[in-house]
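# Descriptive analysis of the structure
Given next are the chains, with one letter for each unit.
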Amino acid sequence: MISRLLIANRGEIALRIVRACRELDIESVVVYSQADAGSPYLDLADEAICIGPGPSAQSYLSIPSIISAAEIANVDAVHPGYGFLAENAHFAEVCRANNIEFVGPEEDTIRRVGDKAEAKNAAKAAGIPVVEGSDGPVETDEKALDIARKIGYPVLIKAVSGGGGRGMRIAHNDISLSSGFQTARAEAETAFGDSSVYIEKYLENPRHVEIQIIADKHGHVVHLGERDCSVQRRHQKVIEESPSPGIPNDARKAMGRAAVKLAKQVGYHGAGTVEFLYEHKKFYFIEVNARIQVEHPVTELTTGIDLIKEQIRLASGEQLGYKQQQVQQKGHAIECRINAEDPDRNFTPSPGLITHVTTPGGPGVRVDSHVTTGSRVPPYYDSMIGKLLVWSDTRTSAITRMRRALDEYRIEGIKTNLPLHRRILRNAYFERGEYATHFLDELLTT
Ligand code: ADP
């Protein structure tokens, strides 16, 4: 059993993991950079260790600094959260080599599904529909042109190691594919340290629907339903909800079965997400995220299962304890990602001092955020400063509740995307559930 756990992350997810540890009676050790020193959430952990300066490369991405902290703190497990080192197979390997349990799947599994082209091949081998495209990485632009002519334009050039909505480039014809191909490779090398790219048919306006899976180390896998993450700005999720308002029950069930099948095929354990695109009544696998995701509380609200506690329990070797038929989804949950960014300046990050916070509350409202009045948002990290979630028995009442909660939320001193959320929640298409991945980008240009 895990008794002392190090959290290799920061901000809201670090706080979320501290809370899970408290409820499991596990001691938590949180690492922090100099830029995060003094953050109130650090006081809630049993111990906090500074691991270096603000820039991530010298702190939250520094494997030697984090492993030293784990050794000094004498922990028996590391939770990587999301982002930073969460899907770094080498980090998982180093943890295990030091006799520290890594809360996540085996390094080989992380490696296999982290390579998006290989993950697609694994899905294909399991009989799961994938978006048409190359069979693996594409090395030359001639090869790229061959594939594009076969599957038809538009196509998407995607980085094999891409993530966070970055590393994607659309090509509408031979000319844009030829010119975009080398640029995409160079960008992928700079952003992800891996220039490999693959080609995929670009679906015109799909929904993004993903399945949460959870698996123990004894071969049991269940799924916890879907999340619709189609409200995106430039391929990055902004609002997530469950159930999806845009897919029929049979598709939902088929996606759930496909996700479980894939998880079994790759020997997955822990919490993970299998992502699909859904268009014209068909779904297509796109990728696996071998970690907890930002939007996991949406599923927690509809299933009543605490995913972080489950991750820790399962990493200790415990059995799942419930079967697929016992998983019940109830009511409707919506999450708004609250970002420190300026909607009037093309959503550029807006770091700085938060002079005032009023957090919403009341029935069915959950706020996962580490910032309070007096917090300073450092310029070094992702701009997300919290997540506002609501739960209610129907989608309509959940929307009403979210509008009310958004109206209560006040964050002053920095700019946030709260006004954007208020606008989306009052949009007639959103209200009717009639939206796909281009909805928000279109809304912002009108
Ligand atoms: P990342 O790992 O960077 O988040 P994903 O592969 O999960 O990348 O894709 C993120 C988003 O990009 C999707 O939700 C969707 O909006 C868009 N996208 C990805 N692949 C395609 C595709 N083949 N056609 C259309 N849109 C796509």
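The shown structure was predicted, so the numbers you read here are calculated from the model rather than taken from an experiment. (Residues numbered from 1 in each chain as written. Predicted model: local features only at pLDDT ≥ 70, side-chain atom pairs only at ≥ 80, totals over all residues. Heavy atoms only, no water.)

## A look at the domain arrangement of the chain
By domain assignment, the chain separates into domain 1 (4-103), domain 2 (132-201) and domain 3 (207-444). A separation of 35 Å is found between the C-alpha centroids of domain 1 and domain 2. (Domains from an automatic or database assignment.)

## Remarks on the packing of aromatic side chains
Aromatic ring pairs are reported here in terms of the distance separating the ring centres and the angle at which the planes meet. Per the counting criterion, the structure on display carries nine aromatic pairs. Between Phe-276 and Phe-283, the ring centres sit 5.4 Å apart and the planes meet at 85°, which makes this aromatic pair edge-to-face. Like Phe-276, the residue Phe-283 is buried in the burial classification. An aromatic cluster is built from Tyr-60, Phe-84, Tyr-380 and Tyr-381, whose rings are joined through pairwise contacts. Positioned above the aromatic ring of Phe-430, the side-chain terminus of Arg-395 is 4.9 Å from the ring centre. (Phe/Tyr/Trp six-rings, centres within 6.5 Å; stacked < 30°, edge-to-face > 60°. Buried < 20%, exposed > 50% of the residue type's maximum accessible area, 1.4 Å probe, protein only. Lys NZ or Arg CZ within 6 Å of the ring centre and 35° of its normal.)

## Some remarks on the side chain of His-79
Mapped onto the fold, His-79 is located in strand 4 (residues 77-79). Relative accessible area serves as the criterion here: at 0%, His-79 is assigned to the buried category. Of note is the side chain of His-79, whose polar atom sits 2.6 Å from the side chain of Gln-311. The contact partners of His-79, leaving out residues within four places of it in the chain, are Leu-5, Leu-6, Ile-7, Ala-8, Ile-17, Val-103, Ile-292, Ile-308, Gln-311 and Ile-312. (Helix = DSSP H or I, 4+ residues; strand = E, 2+ residues; numbered from the N terminus. Polar contact = N/O pair within 3.5 Å; in protein donor to acceptor, adjacent residues only side chain to side chain. Contact = heavy atoms within 4.5 Å.)

## So, the sheet that holds strand 7 (residues 166-171)
As summarised here, the arrangement of the three strands in space is 7-6-8, forming an open sheet in which the pairing is antiparallel. The open sheet has two free edges, formed respectively by strand 7 and strand 8 (197-201), since each of these has just one partner strand. Across the sheet, the mean angle separating the axes of adjacent strands is 25° when strand polarity is ignored. Judged from the five bridges that link them, strand 6 (residues 155-163) and strand 8 form a sheet pairing that is antiparallel. Across the sheet, residue Val-155 finds its bridge partner in strand 8, namely Lys-201. Of the strands in this sheet, strand 6 and strand 8 touch helix 6 (residues 116-125), which is tilted by about 105° from strand 6. (Pairing = 2+ DSSP bridges. Axes fitted to C-alpha atoms, helices over the stretch in contact; angles between N-to-C directions.)

## Thoughts on the sheet that holds strand 3 (residues 47-52)
The sheet built from five strands is open, its strands ordered 3-2-1-4-5 with parallel pairing. In the strand order of this sheet, the two ends are held by strand 3 and strand 5 (101-102), each with one partner. Judged from the two bridges that link them, strand 4 and strand 5 form a sheet pairing that is parallel. The partner of Val-78 across the bridge, within strand 5, is Phe-102. On top of the sheet, helix 1 (residues 11-24) reaches strand 1 (4-7), strand 2 (27-33) and strand 4; it is set at about 170° to strand 1, its chief contact.

## Looking at the site of the ligand
Residues in contact with the ligand amount to 21 residues; listed here are only the nearest, Gly-165, His-208, Gln-232, Glu-275 and Glu-287. One of the side-chain N or O atoms of Gln-232 is found 2.7 Å from an oxygen atom in the ligand. Note that an oxygen atom of the ligand is positioned 3.3 Å from one of the side-chain N or O atoms of His-235. Contact with the protein chains hides 96% of the accessible area of the ligand, taken as 550 Å² for the molecule alone. (Near = heavy atom within 4 Å. Areas by Shrake-Rupley, 256 points an atom, 1.4 Å probe, with all protein chains shown as cover.)

## Side note on the environment of His-296
Among the secondary structure elements, His-296 is positioned in helix 10 (residues 296-303). Given the relative accessible area of 0%, His-296 is considered buried. Sequence separation between His-296 and Tyr-153 is 143 residues, and the spatial gap between their C-alpha atoms is 34 Å. Once residues within four sequence positions are removed from consideration, His-296 is found in contact with Ile-13, Arg-16, Arg-227, Leu-307, Ile-308, Arg-366 and Lys-387.

## As for the packing of helix 7 (residues 141-151) against helix 8 (residues 174-192)
The geometry of helix 7 relative to helix 8 is characterised by a closest axis approach of 10 Å and an angle of 145° between their N-to-C directions. Note on packing geometry: the crossing formed by helix 7 with helix 8 is right-handed. Along its contact with helix 7, which presents Asp-141, Ala-144, Leu-145, Ala-148 and Arg-149, the element helix 8 presents Asp-174, Leu-177, Ser-178 and Phe-181. In terms of residue class, the contact of helix 7 with helix 8 is built from five nonpolar, one polar and three charged. (Left-handed = near helix turned anticlockwise from the far one by under 90°. Nonpolar A, V, L, I, M, F, W, Y, C, P; charged D, E, K, R; others polar.)

## A few points about the side chain of Lys-158
Along the chain, Lys-158 turns up in strand 6. Since its relative accessible area comes to 6%, Lys-158 is described here as buried. Dropping the residues within four chain positions of it, Lys-158 is found in contact with Lys-116, Gly-167, Met-168, Ser-196, Val-197, Tyr-198, Glu-200 and Ile-286.

## Details of the pattern of salt bridges
If charged atoms from side chains of opposite charge come close, those side chains can pair. Under the definition given, this model contains 41 salt bridges. In this structure, Glu-187 and Arg-169 form a salt bridge, with 3.0 Å as the shortest nitrogen-oxygen distance. One end of the pair, Glu-187, is in helix 8; the other, Arg-169, is in strand 7, and 18 residues separate them in sequence. Since its relative accessible area comes to 41%, Glu-187 is described here as partly exposed. Given the relative accessible area of 27%, Arg-169 is considered partly exposed. Salt bridges sharing common partners tie together Glu-210, Arg-227, Lys-237, Glu-240, Glu-275, Glu-295 and Arg-337. (Salt bridge = Lys/Arg side-chain N within 4 Å of Asp/Glu carboxyl O.)

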